[in-house]
Amino acid sequence: MSDEAVREEDRQLVARAQAGDIEAFEALVEAHRDKVYGLALRMTRSEADAAEITQDTFLSAYQHLSEFRGDAAFGSWAYRIAANHALMRLRHRRVVEAAEEEIQGPAFTERGSLAEYPAQDWSRSAEGKVLDAELRRAIQEASDHLPEGYREVFLLKDVEGLSYEQIAEVTGDSVPAIKSRLHRARLALREAIDRFYNRGNEVG
Amino acid sequence: MYTCEDTINLLLDYLDGEMPLEEAKHLKEHLSGCAPCIDFLRTYRATPGLCRRALAEKMPQEVSTKLMEFLRTRIKSAS
């Protein structure tokens, strides 16, 4: 189904659910639960938290259904609620906030040239249908190792597909700050993938 | 003339298409003469999609069964 068709179906389901049709609401839950759960699991890295966040998200979506206007997609509305819940949990967990470490980007020479050339352009081979299990693990590890503030922004933007404005709304950070952290996070992940593709060809 | 460092610092804005024309021109000029930066740009651009695939998750069956039970009880008790 096209995105537009999905949105149209959601719109109809929302209208029926707003009129008290519980089955229509359940159909909405079914259509979006994987994405909501995935978001919560990636953000919190805890299956128990992710299950609870999913419950809280859909319950609060149901309770606020009458306030939901058709101008946004139900999905992105639900993901925003989920992102809020997940961030609240993360903030709560981080009672003693560790100083955020900086992410190192690529190395440059004094003249500002790339010090190490990528040994190969893997952007094409990355389009293959099946993702190598080792590459998957390397990416998961690299994402787990990102400093928390970077990881949040990267997940919300690049994995969950929220807009900069939506992320600013849920995190309370400015859009320029979000962009700068997203860029550093992408550099770190690119580096990890690059290491995977170039393992074995030690350069210099 | 932009260096590799300038170029890479600006990649996010460039790919978002949110860059003043003048800056984008300097950046393209650098790219046209710098193969390493072109490879860097391509791999940087491929990174989010790869990560999205690597981090995909599906809700386990028992979790979705519990979710539905939870919502049914809560919705019923509210109405």
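This is a predicted model, so every value here is computed, not measured.

Participant: Mind showing me how you'd approach the pattern of salt bridges here?
Facilitator: All names here are of chain A. Scanning the entire structure with this criterion turns up 20 salt bridges over all chains. Measuring nitrogen to oxygen at the nearest pair gives 3.8 Å for the salt bridge that ties Arg80 to Glu169. Placement of Arg80 in helix α4 (residues 74-93) and of Glu169 in helix α7 (residues 164-171) is noted, with a sequence separation of 89 residues between them. Each of Arg45, Asp144, Glu148 and Arg151 takes part in a single network of salt bridges with overlapping partners.

Participant: What is the right way to read the packing of aromatic side chains from this model?
Facilitator: For any two aromatic rings, the description comes down to two numbers: the centre-to-centre distance and the angle of the planes. All names here are of chain A. One pass over the structure, following the stated rule, counts 6 aromatic pairs over all chains. Between Phe68 and Phe74, the aromatic rings sit 6.0 Å apart at their centres with planes inclined by 85°, giving edge-to-face as the arrangement. On the basis of relative accessible area, Phe68 is assigned to the buried category, the value being 8%. Using a relative accessible area of 2% as the deciding quantity, one classes Phe74 as buried. Each ring, one from Trp122 and one from Tyr197, has its centre 5.4 Å from the other, and the planes form 10°; the classification is stacked. Taken together, the positions of Trp122 in the loop between α4 and α5 (133-145) and Tyr197 in helix α8 (residues 175-197) put the pair 75 residues apart, joining distant regions of the chain. Here a set of aromatic residues connected by ring pairs shows up, and it is made of Phe68, Phe74 and Trp77. The lysine or arginine in question, Lys179, covers the ring of Tyr164, its NZ or CZ lying 5.0 Å from the ring centre.

Participant: Whenever I open this one, the interface of chain A and chain B confuses me. Can you help?
Facilitator: With 53 residues of chain A at the contact, the number on the chain B side is 41 residues. The junction of chain A with chain B conceals about 4400 Å² of combined surface from both sides, 69% of it contributed by carbon and sulfur atoms. When residues of chain A are sorted by the area they lose upon contact with chain B, Gln55, His183 and Arg186 of chain A head the list and together hold 13% of the total. Our enumeration of links across chain A and chain B arrives at 3 salt bridges.

Participant: Explain the side chain of Thr57 of chain A here, please?
Facilitator: Topologically, Thr57 of chain A is positioned in helix α3 (residues 47-63). When residues no more than four places from it in sequence are discounted, the contact partners of Thr57 of chain A are Val36, Ala78, Ile81, Ala82 and His85 of chain A.

Participant: So what exactly am I meant to see when it comes to unusual backbone geometry here?
Facilitator: A negative phi holds for most residues other than glycine; trans holds for most peptide bonds. All names here are of chain A. For Arg45, which is not a glycine, the phi torsion comes out positive at approximately 55°. Within the secondary structure, Arg45 sits in the loop between α2 (22-44) and α3. Residue classification places Arg45 among the partly exposed residues on the basis of a relative accessible area of 37%.

Participant: Looking at this model, I keep getting lost on the packing of α5 of chain A against helix α4 (residues 35-54) of chain B. Mind explaining?
Facilitator: Helix-helix packing is characterised by the crossing angle of the two axes and by the distance between the axes. Close contact between α5 of chain A and α4 of chain B brings their axes to 9 Å; oriented N to C, the two are set at 100°. Classified by the angle between their axes, α5 of chain A and α4 of chain B sit roughly perpendicular to one another. For the pair α5 of chain A and α4 of chain B, the contacting residues are Leu135, Arg136, Ile139 and Gln140 of chain A in the first and Leu50, Cys51, Arg53 and Ala54 of chain B in the second. For the contact of α5 of chain A with α4 of chain B, the per-class residue count stands at 5 nonpolar, 1 polar and 2 charged.

Participant: Can you walk me through the confidence of the model for chain B in this structure?
Facilitator: Parts of the model with low pLDDT should not have their predicted coordinates read in detail. Scored by pLDDT, chain B comes out at a mean of 92, with 97% of its residues at no less than 70. For this predicted complex, the interface score ipTM comes out at 0.89, alongside a pTM of 0.86.

The rules behind the values
- Residues numbered from 1 in each chain as written.
- Chains lettered and ligands numbered in written order.
- Predicted model: local features only at pLDDT ≥ 70, side-chain atom pairs only at ≥ 80, totals over all residues.
- Heavy atoms only, no water.
- Salt bridge = Lys/Arg side-chain N within 4 Å of Asp/Glu carboxyl O.
- Helix = DSSP H or I, 4+ residues; strand = E, 2+ residues; numbered from the N terminus.
- Phe/Tyr/Trp six-rings, centres within 6.5 Å; stacked < 30°, edge-to-face > 60°.
- Buried < 20%, exposed > 50% of the residue type's maximum accessible area, 1.4 Å probe, protein only.
- Lys NZ or Arg CZ within 6 Å of the ring centre and 35° of its normal.
- Contact = heavy atoms within 4.5 Å.
- Buried area = accessible area lost by both parts, 1.4 Å probe.
- Axes fitted to C-alpha atoms, helices over the stretch in contact; angles between N-to-C directions.
- Parallel < 35°, antiparallel > 145°, perpendicular 65-115°, else oblique.
- Nonpolar A, V, L, I, M, F, W, Y, C, P; charged D, E, K, R; others polar.
- pLDDT = per-residue confidence, 0-100.

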